[in-house]
Amino acid sequence: MTVKINENYLLLKSNYIFSEINQRVEKYQKDNPDSDIIRMGIGDVTRPLPRAVVEKFKKAVDEMSKNDTFRGYGPEQGYDFLIDEIIKHDYEPRGIKLSNDEVFISDGAKCDTGNIQEIFGLENTVAVTDPVYPVYVDSNVMAGRTGPMGDDGRYQNLVYIPCTEDNEFVPELPESSVDLIYLCYPNNPTGTALNKEQLRVWVDYAKENNSIILFDAAYEAYIREENIPHSIYEINGAREVAIEFRSFSKNAGFTGTRCAYTVVPKELIGFDVDGNPYSLNNLWNRRQTTKFNGVSYPIQAAASAVYSPEGQEEIQESVDYYMKNASIIRESLRNLGLKIYGGVNSPYIWIKTPRDMDSWQFFDLLLNEAHVVGTPGVGFGPSGEGYLRLTAFNTLENTKEAMKRMSKLSI
């Protein structure tokens, strides 16, 4: 006997985009050791954790050192003290009612958006916007829901919904019925957002077609415009058709400490092959209690400080800081004559490559001549070809320096 592998992994035709970027940058740095590279590709934050969060973190760690306050395994779904704060601050002010057992604390929205597909059958038809955050696609490829990738860069059995200049980056409803729909708004990578009317179209479609929307709202803290929903549950009927993913990474700087949550309303129903209904909330709970031991107590305690008055003030300062960077990037690139999108309700700026360059050519130009790192749009799917993403998650000084360098390029 020989050990067999999961051959679905062999269908992944290329490296994970951010790993590929790191390899290229490391090689360039090795060949050019004196170069000062400014990284604006990966969406990692640069500002430290809020002071209120750090103080609560320290206190919780200290509790773990004492017999009477030590905690071992916590609830896999998360501690109520954090879930209570989430519901009170993130949902109730928007008129959204949730019960505690509809909120699941996790170690990252990326993990949850990748793992959620486990509770759905392989025969489901999956739709993704294009360009798209790679995890949505790759996790379904690994699970076996797709065929191989075609010459057009699209996997068989996946429904791709182009989001391009032609449709102003607003996804159009698929021509045929689909079962699972991944939506991320404000969008990663394009930085664009859907207003309530545009999102309502998708909720109505899901209700009419018995579909489930997997809604990634990791960047909701960056929304500036009034008619942009912060939660899909602001749309009537969404509780019946949508799972929502949120994160503390991009608003509170938890990229290195890891804490997020997923909302699975009890109205959500899936069916077995015989048509019998089952609660998706129960299935996700079963998955989590089997495969996940929960986020540590100190991390959850620290996350709860996000909702303190001091925490909210500091978080808003960081969000405003990053959005100032976004404004600087937008203005600078427009002065260069580049077509840009995003950066208004999102920390991402989506750039149309100049002179008909492909994504990697523009990436190489910025790296070699400006020592600035972006993310090639093609890494987010076929419709991302001809674009490049920059993030506002850097220091103000680096952002200004990067734009100064780019202003000297002949583009």
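Rules of the game
Every chain begins its residue count from 1, and numbering advances along the sequence as written. Per-residue local features of the predicted model are confined to residues with pLDDT of at least 70, and side-chain atom pairs are confined, for both listing and counting, to 80 or more; whole-chain, interface and lining totals are unaffected and use all residues. Water and hydrogen atoms play no part in the side-chain values, which are based on all heavy atoms of the structure. The helix and strand labels rest on DSSP assignments: H or I over at least four residues marks a helix, E over at least two residues marks a strand, and numbering proceeds from the N terminus. The contact criterion used is simple: two residues touch if any of their non-hydrogen atoms lie within 4.5 Å. The span one expects for a helix is its residue count, reduced by one, times 1.5 Å. Classification of residues uses two cut-offs on accessible area relative to the type maximum, computed with a 1.4 Å probe and protein chains only: under 20% is buried, over 50% is exposed, and between them is partly exposed. Each C-beta atom gives one direction from the helix axis, and the arc is the one those directions make. pLDDT is a per-residue confidence score from the predictor, ranging from 0 to 100. When the sulfur atoms of two cysteines come within 2.5 Å, that pair is taken as a disulfide. As a rule, the C-alpha atoms of each element are fitted with a line to give its axis, helices using only the stretch in contact, and angles between N-to-C directions run from 0 to 180 degrees. When describing relative orientation, an angle under 35 degrees is termed roughly parallel and one over 145 degrees roughly antiparallel, while 65 to 115 degrees is termed roughly perpendicular and anything else oblique. Helix crossings fall into two classes, left-handed where the near helix is turned counterclockwise from the far one by less than a right angle and right-handed where it is turned clockwise.

J.: Any chance you could break down the side chain of asparagine 140 for me, citing the residues and the numbers?
T.: Tracing the backbone shows asparagine 140 in helix α5 (residues 134-143). Ignoring anything within four residues of it in the chain, the contact list for asparagine 140 reads Gln117, Val126, Arg145, Thr146 and Tyr182.

J.: Can you tell me about helix α3 (residues 80-91), naming the residues and giving the values?
T.: If you check α3, its first and last C-alpha atoms are 15 Å apart, about what 12 residues at 1.5 Å a residue would give, namely 16 Å. When α3 is considered as a whole, its buried residues turn out to be Leu82, Ile83, Ile86, Ile87, Asp90 and Tyr91. Each buried residue of α3 lies within a common arc of 135 degrees when the element is viewed along its axis, so the set occupies one face. The inward-facing, buried residues of α3 abut β2 (103-106), β7 (242-247), β8 (260-263) and α9 (297-304).

J.: Explain helix α10 (residues 309-335) to me, using residue names and the numbers behind them.
T.: The end-to-end C-alpha distance of α10 is 39 Å, a good match for the 39 Å that 27 residues give at a rise of 1.5 Å each. A positive phi of about 85 degrees marks glycine 337, the residue just after α10.

J.: Please provide a residue-by-residue account of the confidence of the model for the protein, values included.
T.: Interpretation of the predicted coordinates at a detailed level should be avoided for regions scoring low in pLDDT. Confidence in the prediction for the protein averages 96 pLDDT; 99% of positions are at 70 or higher. Looking across the protein, the model is least confident in helix α1 (residues 17-31), with a mean pLDDT of 88, and most confident in strand β6 (residues 212-216), with 99.

J.: Got a sec to walk through the state of the cysteines? Specific residues and values, please.
T.: Taken as a whole and assessed by the stated rule, the structure comprises 0 disulfides. Between cysteine 163, a cysteine without a disulfide, and cysteine 184, which holds the nearest cysteine sulfur, the sulfur-to-sulfur distance is 11 Å. Among the cysteines around cysteine 259, which has no disulfide bond, cysteine 111 carries the closest sulfur, lying 11 Å off. Given the relative accessible area of 1%, cysteine 259 is considered buried.

J.: Explain the packing of helix α2 (residues 51-63) against α9 to me, and be specific about the residues and the numbers.
T.: The N-to-C vectors of α2 and α9 enclose an angle of 150 degrees; their axes lie 8 Å apart at closest approach. Between α2 and α9, the angle falls in the class roughly antiparallel. As α2 packs across α9, the resulting crossing turns out to be right-handed. Taking contact as the criterion, the partners of Val53, Lys56, Phe57, Ala60, Val61 and Glu63 in α2 are, on α9, Tyr297, Pro298, Ile299, Ala301, Ala302 and Ser304.

J.: Explain unusual backbone geometry residue by residue, including any values.
T.: Cis rather than trans, the peptide bond between aspartate 130 and proline 131 has omega equal to 10 degrees. Looking at the secondary structure, you find proline 131 in the loop between β3 (126-130) and α5. Following asparagine 188, the chain continues to proline 189 via a peptide bond in cis, the omega torsion being 25 degrees. Along the chain, proline 189 turns up in the loop between β5 (180-184) and α6 (196-209). In this structure, asparagine 210 is a non-glycine residue whose phi angle is positive, near 55 degrees. Along the polypeptide, asparagine 210 turns up in the loop between α6 and β6. Judged by its relative accessible area of 66%, asparagine 210 is exposed. One non-glycine residue, arginine 355, lies in the positive phi region at around 55 degrees. For arginine 355, a relative accessible area of 53% puts it in the exposed group.

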